[in-house]
Structures are given as C-alpha cells and as structure tokens.
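Now for the letters of each chain:
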Amino acid sequence: MAKVYLGPAGIPQFVVKAKSTLEAVRVVRELGLNAMEVEFVQGVRMSRDLAKQVGKAARDFDVKLSVHAPYFINLCSEEVDKVEKSRQRLVDSLDRAYYMGAWVVVVHAAYYGRLGPERCFEKVREELERAYRESGIGSGVYIGVEVTARTNQFGSVEEAFRLSKELPFVTPVVDWGHLYARNGGVINYGEVLDLWTREFGGAHMHTHFTSVRYRNGKFVDEHEPIERNMPPFEPLARELKERDVTITLICESPLLEKDALLMKEVLEEVGVSLA
C-alpha cells in the first residue's frame with residue numbers, strides 16, 4: 001500500500017479560511033491533511049525570515065512542504081533577458097524552499113519555440129544546472145520538472161523522466177490532469193506508476209491532481225473541481241492501494257482543501273490512509 005501525503009496547492013480558503021501561509025500550515029494539519037504546496041506562481045515575495053518561520057511550523061505540525069515556482073519561466077525563450085529572469089525566479093524559489101525545508105520546487109520549465117524538443121531539452125538541462133549552482137543550496141531540495149498539458153511545452157513524461165535520470169537534483173512531477181489533457185483525455189495510472197518504480201525505485205514521487213476542462217473539442221489546461229472526473233480520481237486511489245510507493249498528491253482543484261478532503265475520503269474508501 002502507498003504511503004501518501006496529501007494537501008492543497010496554496011492557502012486553504014473554503015472549509016477553513018487561513019489568512020497567511022504561516023497560518024495555513026496549522027490549518028492543513030487541523031483538517032487532517034499532511035502536505036501543502038507554497039505557491040510562488042505570481043512571484044517570490046516571501047522573505048527568508050518568513051520562510052524559516054513557515055518551515056518551523058511545518059516541522060511542528062508534521063506537514064510536508066513543496067514549492068511551486070513562478071509561472072513566468074521560459075528557459076528556452078529566444079530573448080536572453082527572459083531566460084535570465086526565468087533562471088533568477090527559479091534561483092529565488094530554491095532559496096526560499098531551502099530555508100523553509102520544502103523538499104521540491106516545481107517548475108514549468110519552457111516552451112519549445114524555435115528550438116524544437118531536442119534542442120530545448122539541452123537548453124533546459126543547461127539552465128537548470130546553472131540555476132542550481134547559483135542558488136548555493138548545495139543539496140536537500142529537488143527541482144521538480146512538471147509534466148505539462150500543452151504539446152508545445154517542454155514536459156512530456158519522457159522528457160521529465162529522462163532529465164531526472166541525467167541530473168541528480170531533478171525529479172519528475174507528474175501532474176495527472178496535465179497528462180490527461182496532453183494525451184487527449186486518456187490516462188493509465190498504473191502504467192505511469194510502474195514506470196516510476198522501474199526508473200526510480202522507492203524514491204518519493206511528487207504529483208498534482210485536478211480535473212481539467214474540455215472546451216472547443218479538446219482538453220485544456222484549465223483546472224476544474226474533482227467531481228468533474230476528467231480525469232477520475234478513484235482509479236488512481238485503487239492503483240495506490242496495490243503499490244508500495246511514497247507519493248505526494250497536491251490538489252490543484254479550484255476548491256483546494258475542500259477537494260483535497262474529498263480525495264482523502266476516496267482514498268480511505270478504497271483502504272488507503274495518509275502517512
């Protein structure tokens with residue numbers, strides 16, 4: 001049976017409204033959840049001092065933290081200035097993650113653009129190496145290369161897994177909703193989990209979950225409540241019952257902790273408890 005960490009992407013707003021990231025850590029634990037992703041998606045605006053406070057709260061309440069880097073990152077941009085600013089946003093995210101004790105910084109790394117998939121892969125690898133070196137953190141925090149929804153974005157399962165095999169400080173982040181959209185409404189949870197085990201053994205797997213929207217004849221990268229079942233969560237819960245894997249499930253539904261609690265309920269119904 002899987003060892004599961006589960007929580008919201010950001011500050012609880014629906015079941016209990018938290019006023020800050022610091023307060024949110026306590027609220028997450030009081031709700032019976034055990035993970036939270038700190039969202040820097042609009043920019044890294046947290047001081048090192050506050051990051052340390054959040055980290056202490058996470059240790060006190062036994063909540064596993066992760067970080068999502070800003071959306072404004074494109075390491076394969078044709079504009080040198082945009083690449084440099086993208087790299088700095090990642091460096092800043094790694095720095096704050098280190099001081100709060102978060103174990104992974106999730107990033108949407110790039111768009112292929114004129115480079116195309118293979119040259120973009122090489123550029124992303126180069127820029128991630130440079131960002132990790134410039135962060136000065138040494139070790140302890142992974143860069144989580146996220147599986148993306150759009151086929152013009154860097155972030156297929158194959159790319160994320162390959163990069164993680166080549167760089168020891170990188171780990172794939174499987175966004176189940178993104179993968180469902182990228183595959184045109186098809187997903188095989190067991191196949192991905194088995195691939196993870198073959199490639200990474202017992203390493204901790206960080207993932208996101210949300211439903212996505214179907215619009216104009218295709219699935220798009222727009223998040224929807226879990227109840228929409230695109231993709232359905234219960235089949236993933238059943239697969240986790242059958243596997244010895246350590247996994248974080250970050251709920252990226254617009255309903256945040258409300259849907260995270262729904263996911264917990266489904267897990268418990270099939271016989272899976274949180275770590």
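This structure is a prediction, so every number in the text was calculated from the model and none was measured. (Residues numbered from 1 in each chain as written. Predicted model: local features only at pLDDT ≥ 70, side-chain atom pairs only at ≥ 80, totals over all residues. Heavy atoms only, no water.)

Asks: What exactly am I supposed to notice about the sheet that holds strand E5 (residues 142-146) here?
Replies: Pairing is parallel in the open sheet, where 8 strands are placed in the order E1-E10-E7-E6-E5-E4-E3-E2. Each having just a single partner strand, strand E1 (3-8) and strand E2 (35-39) make up the two edges of the open sheet. On average, each strand axis in the sheet is inclined to that of its neighbour by 30°, with strand direction left out of account. Where strand E6 (residues 170-175) meets strand E7 (residues 205-209), 3 bridges bridge the pair, whose relative direction is parallel. Within the sheet, the bridge partner assigned to Val 174 lies in E7 and is Thr 207. (Pairing = 2+ DSSP bridges. Helix = DSSP H or I, 4+ residues; strand = E, 2+ residues; numbered from the N terminus. Axes fitted to C-alpha atoms, helices over the stretch in contact; angles between N-to-C directions.)

Asks: Please clarify how unusual backbone geometry should be interpreted in this entry.
Replies: Excluding glycine, residues mostly carry a negative phi; peptide bonds, for their part, are mostly trans. Note the cis peptide between Met 230 and Pro 231, where omega equals 5°. If you trace the backbone, Pro 231 turns up in the loop between strand E9 (218-224) and helix H8 (234-241). Phi at Asn 229 takes a positive value of approximately 60°, unusual for a residue other than glycine. When you line up the elements, Asn 229 lands in the loop between E9 and H8.

Asks: Just to check I follow, could you spell out the nonpolar core for this structure?
Replies: Leu 128, Trp 176 and Leu 249 are the most contacted members of the largest nonpolar core, which totals 87 residues. The element best represented in this core is helix H4 (residues 116-135), accounting for 6 residues. In this structure, Leu 249 is in contact with Val 4, Tyr 5, Leu 6, Gly 7, Trp 176, Thr 207, Phe 233, Leu 236, Leu 240, Met 263 and Leu 267, ignoring residues within four places of it in sequence. (Core = buried A, V, L, I, M, F, W, Y, C linked by side-chain atoms within 4.5 Å. Buried < 20%, exposed > 50% of the residue type's maximum accessible area, 1.4 Å probe, protein only. Contact = heavy atoms within 4.5 Å.)

Asks: Whenever I open this one, the pattern of salt bridges confuses me. Can you help?
Replies: Where side chains of opposite charge bring their charged atoms close, a pairing between them can arise. Scanning the model with the defined rule gives 26 salt bridges in all. The closest approach of N and O atoms between Lys 123 and Glu 127, which form a salt bridge, is 2.9 Å. A residue pair is termed a helical-turn pair when its members lie 3 or 4 positions apart in one helix, as Lys 123 and Glu 127 do in helix H4 at 4 residues. For Lys 123, a relative accessible area of 23% gives the class partly exposed. With relative accessibility at 2%, the residue Glu 127 sits in the buried group. One salt bridge in this structure joins Glu 222 and Arg 213, with 3.1 Å as the shortest N-O distance. Here Arg 213 falls in the partly exposed class, since its relative accessible area comes to 33%. Taken together, the shared-partner salt bridges in this structure form one network comprising Arg 87, Lys 123, Glu 127, Arg 130 and Glu 134. (Salt bridge = Lys/Arg side-chain N within 4 Å of Asp/Glu carboxyl O.)

Asks: How should the packing of helix H3 (residues 80-100) against H4 be read in this particular structure?
Replies: Packed helices, taken two at a time, are described by the angle between their axes plus the distance between the axes. Running from N to C, H3 and H4 cross one another at 45°; their axes reach a closest spacing of 9 Å. By the criterion of interaxial angle, the relationship of H3 to H4 is oblique. When you trace H3 past H4, the crossing you get is right-handed. Residues Val 83, Arg 87, Leu 90, Val 91 and Leu 94 of H3 lie in contact with H4, whose contacting residues are Lys 123, Glu 127, Leu 128, Arg 130, Ala 131, Tyr 132, Glu 134 and Ser 135. (Parallel < 35°, antiparallel > 145°, perpendicular 65-115°, else oblique. Left-handed = near helix turned anticlockwise from the far one by under 90°.)

Asks: Hey, could you run me through helix H2 (residues 48-61) in this one?
Replies: Residue pairs three or four apart in sequence face the same way in an α-helix, which turns once every 3.6 residues. Over its 14 residues, H2 extends 20 Å from the first C-alpha to the last, a length consistent with the 20 Å expected when each residue adds 1.5 Å. Restricting attention to buried positions, one finds in H2 the residues Ala 51, Val 54, Gly 55, Ala 57 and Ala 58. The buried residues of H2 occupy an angular sector of 160° when the element is viewed end-on, so they sit on one face. The exposed residues of H2 that point more than 90 degrees off its buried face are Arg 59 and Asp 60. (Expected span 1.5 Å × (residues − 1). Arc of directions from axis to C-beta.)

Asks: I tried to follow the state of the cysteines on my own but got confused; where do I start?
Replies: Disulfide: a covalent bond formed between the sulfur atoms of two cysteine residues. Considering all chains together, one arrives at 1 disulfide under this definition. A disulfide bridge connects Cys 76 with Cys 120, and the sulfur atoms are separated by 2.5 Å. Residues Cys 76 and Cys 120 are joined by a disulfide whose S-S torsion is about 105°; by sign, that bridge is right-handed. Here Cys 76 is found in the loop between strand E3 (64-68) and H3, whereas its partner Cys 120 is found in helix H4, with 44 residues between them in sequence. (Disulfide = S-S within 2.5 Å.)

Purely geometric numbers; function is a separate question.
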